[in-house]
Amino acid sequence: MTAPDTPVITSIAAGDQSVSLSFVPGSANGSAITGYKYSLDGTTYVSGNTTVLGNGQTGLTIGGLTNGTAYTVRVVAINAVGTSAATPVSASVTPIG
């Protein structure tokens with residue numbers, strides 16, 4: 001068992017003071033994935049509430065953002081063994097009002 005493989009962001013959309021993204025979780029590598037965290041600065045990661053979207057994808061909505069400000073989002077997966085590497089390609093988005 002090892003930490004999960006890195007998730008892959010497949011889409012991101014701007015909302016009013018929020019962004020929604022979809023990603024494909026990486027392999028759990030023998031220990032179930034217990035959660036996901038996201039970062040808006042590449043350093044600090046915060047737990048996020050996710051939903052299963054189907055087609056093997058997971059959704060995450062991040063609220064409380066400032067409209068007109070650009071954000072770069074990265075995601076990591078967590079299991080009992082550890083934390084995955086951050087998504088290799090960050091997703092940039094600007095919330096709109």
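Residues numbered from 1 in each chain as written. Predicted model: local features only at pLDDT ≥ 70, side-chain atom pairs only at ≥ 80, totals over all residues. Heavy atoms only, no water.

**Student:** Would you take a moment to explain the sheet that holds strand β2 (residues 18-24) for this structure?
**Tutor:** Within a sheet, neighbouring strands are paired by backbone hydrogen bonds and run either parallel or antiparallel to one another. Within the open sheet, the 4 strands sit side by side as β1-β2-β6-β5. Their pairing is antiparallel. Unpaired on one side and paired on the other, β1 (8-15) and β5 (50-54) mark the two borders of the sheet. When strand polarity is set aside, the average angle formed by the axes of neighbouring strands in this sheet is 25 degrees. (Pairing = 2+ DSSP bridges. Helix = DSSP H or I, 4+ residues; strand = E, 2+ residues; numbered from the N terminus. Axes fitted to C-alpha atoms, helices over the stretch in contact; angles between N-to-C directions.)

**Student:** Would you mind going over unusual backbone geometry with me for this structure?
**Tutor:** Among all residues save glycine, negative phi is the norm, and among peptide bonds the norm is trans. Its identity is not glycine, yet Asn 29 carries a phi of approximately 60 degrees, on the positive side. Mapped onto the elements of the fold, Asn 29 is located in the loop between β2 and β3 (33-39). At Asn 55, a residue that is not glycine, the phi angle is positive and equals roughly 55 degrees. Summarising the element assignment, Asn 55 is placed in the loop between β5 and β6 (57-62). Given a relative accessible area of 81%, Asn 55 falls into the exposed group. (Buried < 20%, exposed > 50% of the residue type's maximum accessible area, 1.4 Å probe, protein only.)

**Student:** Which parts of the structure should I look at to understand the nonpolar core?
**Tutor:** Across soluble globular proteins, you tend to see nonpolar side chains buried next to one another. Among the nonpolar cores identified, the biggest contains 15 residues, and Leu 21, Phe 23, Leu 60, Ile 62, Val 73 and Val 75 are the most heavily contacted of them. Broken down by secondary-structure element, the contributors of at least two residues to this core are β2, β3, β6, β7 (71-79) and β8 (91-93). For this core, the element with the most residues is β7, which contributes 4 residues. For Val 75, the residues in contact, after removing those within four places along its chain, are Pro 7, Ile 9, Leu 21, Phe 23, Tyr 36, Lys 37, Tyr 38, Leu 60, Ala 85, Ala 86 and Thr 87. (Core = buried A, V, L, I, M, F, W, Y, C linked by side-chain atoms within 4.5 Å. Contact = heavy atoms within 4.5 Å.)

**Student:** Help me understand the packing of aromatic side chains in this model?
**Tutor:** What describes a pair of aromatic rings is the distance from one ring centre to the other and the angle between the planes of the rings. Enumeration over the complete set of coordinates arrives at 1 aromatic pair. Taking 4.9 Å as the distance between ring centres and 65 degrees as the angle between the ring planes, the aromatic pair formed by Phe 23 and Tyr 36 counts as edge-to-face. Here the residue Phe 23 occupies a position in strand β2, and Tyr 36 occupies one in strand β3, the gap between them amounting to 13 residues. Residue classification places Phe 23 among the buried residues on the basis of a relative accessible area of 0%. Take Tyr 36: its relative accessible area is 11%, and that puts it in the buried class. (Phe/Tyr/Trp six-rings, centres within 6.5 Å; stacked < 30°, edge-to-face > 60°.)

**Student:** Just to check I follow, could you spell out the environment of Thr 58 for this structure?
**Tutor:** Turning to its location among the elements, Thr 58 is positioned in strand β6. Considered as a pair, Thr 58 and Val 24 are 34 residues apart in the sequence and their alpha carbons are 6.2 Å apart.

**Student:** How do you make sense of the pairing of β3 when you look at a structure like this?
**Tutor:** Strand residues, when the strand is regular, have side chains that alternate between the two faces of the sheet. Bridge count between β3 and β7: 6 bridges; the pairing is antiparallel. Along β7, the bridge assignment pairs Gly 35 with Ile 78. Examined bridge by bridge, β3 and strand β4 (residues 46-47) share 2 bridges and lie antiparallel to one another. Across the sheet, residue Tyr 38 finds its bridge partner in β4, namely Val 46. Where β3 folds back on β4, the antiparallel hairpin that results is connected by 6 residues, among which Gly 42 adopts a positive phi of roughly 80 degrees.

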